[in-house]
Amino acid sequence: AYLGDPQIGFSGNETEDTIRFGMAADAAKAAKAVVVAGDLVNSWNSASQISSFKQVWPARFASPVHLVPGNHDVDSALKDAGAALARLKHYRETFSADDYSAFHTGLASFVLVNSEFLILPFLGLNGTAVDPAITAEVEKQWTFIENELAAARSRGSAHTIVVMHHPPFITAEDEPHQYYNWPVAPRRRLMSLLRKFAVRTLLCGHTHTTRSVSTADGVKVLTTAGTAKAFDDNGCGYQLLNITATSLDVAYVELQGGGGAPGCVKSKAG
C-alpha cells in the first residue's frame, strides 16, 4: 500500500485528519508492506500533531510501515544549515532513525529517499557555501541510493520502486523549477541514476493530487493526495500496488467519510 501525506493538522481539523489516516491504515491491513510518502504532520514540532500521528502509526497497521520525511517534517527551504540539521535530528528521534532506507520482497526492491535533504542545497541554501555536515549527509544519501539501485539489479528484482516526498517533476522532465518539483540540478542527477538502473516507478506525495505522468522512455511518477486535504477531485485515499513478476498495477482507493470524519477536504492549491 502506498499512502500520500497524512499531514495531521493540514485540513484545519486534527481529529478528522487522524481518523482518515486511521481509516487508510485499517483499509491497508491486507498489504504486505506500506510506504508513506512524507509530510507526516503539518507542523514539524507540534506535540499534539505528533501524538495524533502516533495514535495510528505504527499500531493500527498490520504490516511493516516505511516512512520518508516531507518538507513539513524536514524543511528543504530552510536558509540555515544548523536549523536544517536540527530538523533532521528531530525527525530521526521522533519518527524514524532512518530518513532514507530500503527493503525488498521476492519480486520488488523499494528504495526510500529523503528528497528534502537532496534538494536542500539548491533550494533553501540556494547553492551557497554549504556546511560540510550538510554536504556529508547529502552525499552519503546519494551513495546509498546508487548502491541500493545496484543491489536491486544484482538480486534480479523484477521491479525497483523509489519512494520520496517531492516528485522530481510534475508534467515534464525538463520543466522549470517551482514549488512542487525538484530544482533542475539534483533532478538531472536523480533521473540519470534511475535510467542507469532501469527504474520505472516513483511513488511521491507533496502535490496533494492523485495522478501519474511518464517520460517518453517510460519513467512513471505517481503522486497521491494523502488523507488530510486534496487539491483535485480525486479526494483523499491511498494506492494499492499489485506486483507480479511481469507487471506492476496501481489501483487508487478513495476514502469515503466515516468513523466520525467527513470525506476529504478538497480545495485548490494554496
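In case you missed it, the structure is sitting above this.
Computed from a predicted model, the values in this text were never measured in an experiment.

### As for the sheet that holds strand β2 (residues 34-36)
- One open sheet holds the five strands; their spatial order is β3-β2-β1-β11-β12, and the pairing between them is mixed. Looking at strand neighbours, the two that pair on one side only are β3 (65-67) and β12 (248-254), the edges of this open sheet.

### Some words on the nonpolar core
- Ranked by size, the top nonpolar core spans 58 residues in total, and within it Leu-3, Phe-53, Phe-61, Leu-67, Val-162 and Leu-202 carry the most contacts.
- Counting residues per element, this core draws most heavily on helix α5 (residues 132-154), which supplies six residues.
- Core analysis: the second largest hydrophobic core is formed by 14 residues, Val-68, Leu-112, Val-163 and Leu-222 among them.

### Considerations on the environment of His-165
- With respect to the helices and strands, His-165 occurs in the loop between β6 (159-163) and α6 (184-196).
- Taking the C-alpha atoms as reference points, His-165 and His-206, 41 residues apart in sequence, are found 5.8 Å from one another.
- At a separation of 2.8 Å, a polar atom in the side chain of His-165 contacts the main-chain carbonyl oxygen of Ala-37.

### Side note on α5
- The end-to-end C-alpha distance of α5 is 32 Å, a good match for the 33 Å that 23 residues give at a rise of 1.5 Å each.
- The complete set of buried residues in α5 reads Ile-134, Glu-137, Val-138, Gln-141, Trp-142, Phe-144, Ile-145, Leu-149 and Ala-152.
- Here the buried face of α5 lies against α3 (81-94), β4 (101-104), β5 (108-112), α4 (115-119), β6 and α6.
- The opening residue of α5 is Asp-131, an N-cap whose side-chain oxygen sits 2.7 Å from the backbone nitrogen of Ala-133.

### A few points about the packing of α3 against α5
- Two elements in contact, α3 and α5, have axes whose closest approach is 9 Å; the angle formed by their N-to-C orientations is 45°. One finds that α3 runs oblique with respect to α5. Of the two elements, α3 crosses α5, and the hand of that crossing is left-handed. Within the contact between the two elements, α3 uses Ala-81, Ala-84, Leu-85, Leu-88 and Arg-92 and α5 uses Ala-133, Ile-134 and Glu-137.

### Some details on the layout of surface pockets
- In this structure, the largest pocket spans a volume of roughly 360 Å³.
- Of all the secondary structure elements, the ones that give two or more residues to the lining of the largest pocket are β2 and β11 (237-243).
- Here the lining of the largest pocket takes three residues from β11, the largest share from any one element.
- Of the voids in this model, the second largest pocket is the one considered here, and its volume is about 160 Å³.
- As for the second largest pocket, its lining consists of Ala-152, Arg-153, Ser-157, Ala-158, His-159, Thr-160, Ile-161, Phe-197, Ala-198, Arg-200, Thr-201 and Leu-248.
- Looking at the lining of the second largest pocket, the elements that each hand over two or more residues are α5 and β6.

### Digging into the sheet that holds strand β7 (residues 201-204)
- Across the sheet, which stays open at both edges, the six strands sit in the order β4-β5-β6-β7-β9-β8 with mixed pairing between neighbours. In this open sheet, the two edge strands, each paired with only one partner strand, are β4 and β8 (211-214). This sheet shows a mean twist of 20° between the axes of neighbouring strands, independent of strand direction.
- Sheet topology places β5 next to β6; five bridges connect them, and they run parallel. By the bridge assignment for β6, Val-111 is matched with Val-162.

Conventions used here
- Residues numbered from 1 in each chain as written.
- Predicted model: local features only at pLDDT ≥ 70, side-chain atom pairs only at ≥ 80, totals over all residues.
- Heavy atoms only, no water.
- Pairing = 2+ DSSP bridges.
- Helix = DSSP H or I, 4+ residues; strand = E, 2+ residues; numbered from the N terminus.
- Core = buried A, V, L, I, M, F, W, Y, C linked by side-chain atoms within 4.5 Å.
- Buried < 20%, exposed > 50% of the residue type's maximum accessible area, 1.4 Å probe, protein only.
- Polar contact = N/O pair within 3.5 Å; in protein donor to acceptor, adjacent residues only side chain to side chain.
- Expected span 1.5 Å × (residues − 1).
- Contact = heavy atoms within 4.5 Å.
- Axes fitted to C-alpha atoms, helices over the stretch in contact; angles between N-to-C directions.
- Parallel < 35°, antiparallel > 145°, perpendicular 65-115°, else oblique.
- Left-handed = near helix turned anticlockwise from the far one by under 90°.
- 1 Å grid on protein atoms, 1.4 Å probe; cavity = no way out; pocket = protein on both sides within 12 Å on 5 of 7 lines; lining within 4 Å.
- Points joined across faces, edges and corners; volume = space filled by probe spheres on them.

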